[in-house]
Amino acid sequence: MDANNAFDSDLIHAIFKHIWARRFRERERSDAIDATDAEVALGTSKKNRLASANANALKLSCELLKSFVSEAVQRAAIIAEAEGMDKIEASHLERILPQLLLDF
């Protein structure tokens, strides 16, 4: 893997942590409404803990994102070239996105 073309694993980890924290807060809000006093007091439920990722999982996630983005650009470039355009536009990405998501 070329280090210059890779996603920064610290950035990907920060994005994951942000999403996990948001989901945790949403779950807390919905659980506070539904939970009994005993469950709230304990707070040791596995679903109430923040998630974490190890270094290998982050590396794999970075590789998957790199592969996904490069495939999206390549497919959009083919569509743009077929239309005689030099630049990829949002409409090209919109056209390739459904099949790309199915392929990944």
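In this report, we go over the structure that sits alongside the text. Only a predicted model underlies this, so the values are computations on that prediction, with no experimental measurement involved. (Residues numbered from 1 in each chain as written. Predicted model: local features only at pLDDT ≥ 70, side-chain atom pairs only at ≥ 80, totals over all residues. Heavy atoms only, no water.)

1. Side note on the overall build of the protein chain
Counting its regular elements, the protein chain contains four helices and zero strands. Walking the protein chain from its N terminus toward its C terminus, one meets helices and strands in the order α-α-α-α. Looking at the protein chain as a whole, 13% of its 104 residues qualify as buried. For the protein chain, the computed accessible surface area is about 8200 Å², with 56% contributed by carbon and sulfur atoms. (Helix = DSSP H or I, 4+ residues; strand = E, 2+ residues; numbered from the N terminus. Buried < 20%, exposed > 50% of the residue type's maximum accessible area, 1.4 Å probe, protein only. Areas by Shrake-Rupley, 256 points an atom, 1.4 Å probe, with all protein chains shown as cover.)

2. Re the side chain of S61
The residue S61 is located in helix α3 (residues 55-82) in this model. In this structure the side chain of S61 is engaged in a polar contact, spanning 2.9 Å, whose partner is the backbone oxygen of A57. S61 has contacts with I12 and F16, leaving out every residue within four places of it along the chain. (Polar contact = N/O pair within 3.5 Å; in protein donor to acceptor, adjacent residues only side chain to side chain. Contact = heavy atoms within 4.5 Å.)

3. Let's talk about α3
Counted at 1.5 Å a residue, the expected span for α3 with its 28 residues is 40 Å, and the 41 Å between its end C-alpha atoms agrees. Within the sequence span of α3, burial applies to L58, S61, C62, A72, R75, A76 and A80. One side-chain oxygen at the N-terminal end of α3 lies 3.1 Å from the backbone nitrogen of N56; it belongs to N54. One or two positions beyond α3, positive phi appears at G84, with a value near 75 degrees. (Expected span 1.5 Å × (residues − 1).)

4. Let's talk about the environment of A76
Mapped onto the fold, A76 is located in helix α3. In sequence terms A76 and K87 are eleven residues apart; their C-alpha atoms lie 9.5 Å from each other. With near-sequence residues (within four places) excluded, A76 lies in contact with I88, H92, L93 and I96.

5. A few points about the packing of α3 against helix α4 (residues 90-103)
It is at 9 Å that the axes of α3 and α4 come closest, and there the two elements cross at 135 degrees. Taken together, α3 and α4 sit at an angle that is classed as oblique. As for the relative orientation of α3 and α4, their crossing is right-handed in sense. Of the residues in α4, those touching α3 at F68, E71, A72, R75, A76, I79 and A80 are H92, L93, R95, I96, Q99, L100, L101 and D103. Class assignment for the residues of the contact of α3 with α4 results in nine nonpolar, two polar and four charged. (Axes fitted to C-alpha atoms, helices over the stretch in contact; angles between N-to-C directions. Parallel < 35°, antiparallel > 145°, perpendicular 65-115°, else oblique. Left-handed = near helix turned anticlockwise from the far one by under 90°. Nonpolar A, V, L, I, M, F, W, Y, C, P; charged D, E, K, R; others polar.)

6. Quick look at the pattern of salt bridges
According to the stated counting rule, one finds three salt bridges in the structure shown. One salt bridge in this structure joins R75 and E71, with 2.8 Å as the shortest N-O distance. Here R75 and its partner E71 are both found in helix α3, four residues apart, which amounts to about one turn of the helix. Taking the shortest distance from any N to any O, the salt bridge between R95 and E83 comes out at 2.2 Å. Taken together, the residues span a long stretch of sequence, with R95 in helix α4 and E83 in the loop between α3 and α4 at a distance of twelve residues. Put simply, E71, R75 and D103 are held in one network by salt bridges that share partners. (Salt bridge = Lys/Arg side-chain N within 4 Å of Asp/Glu carboxyl O.)

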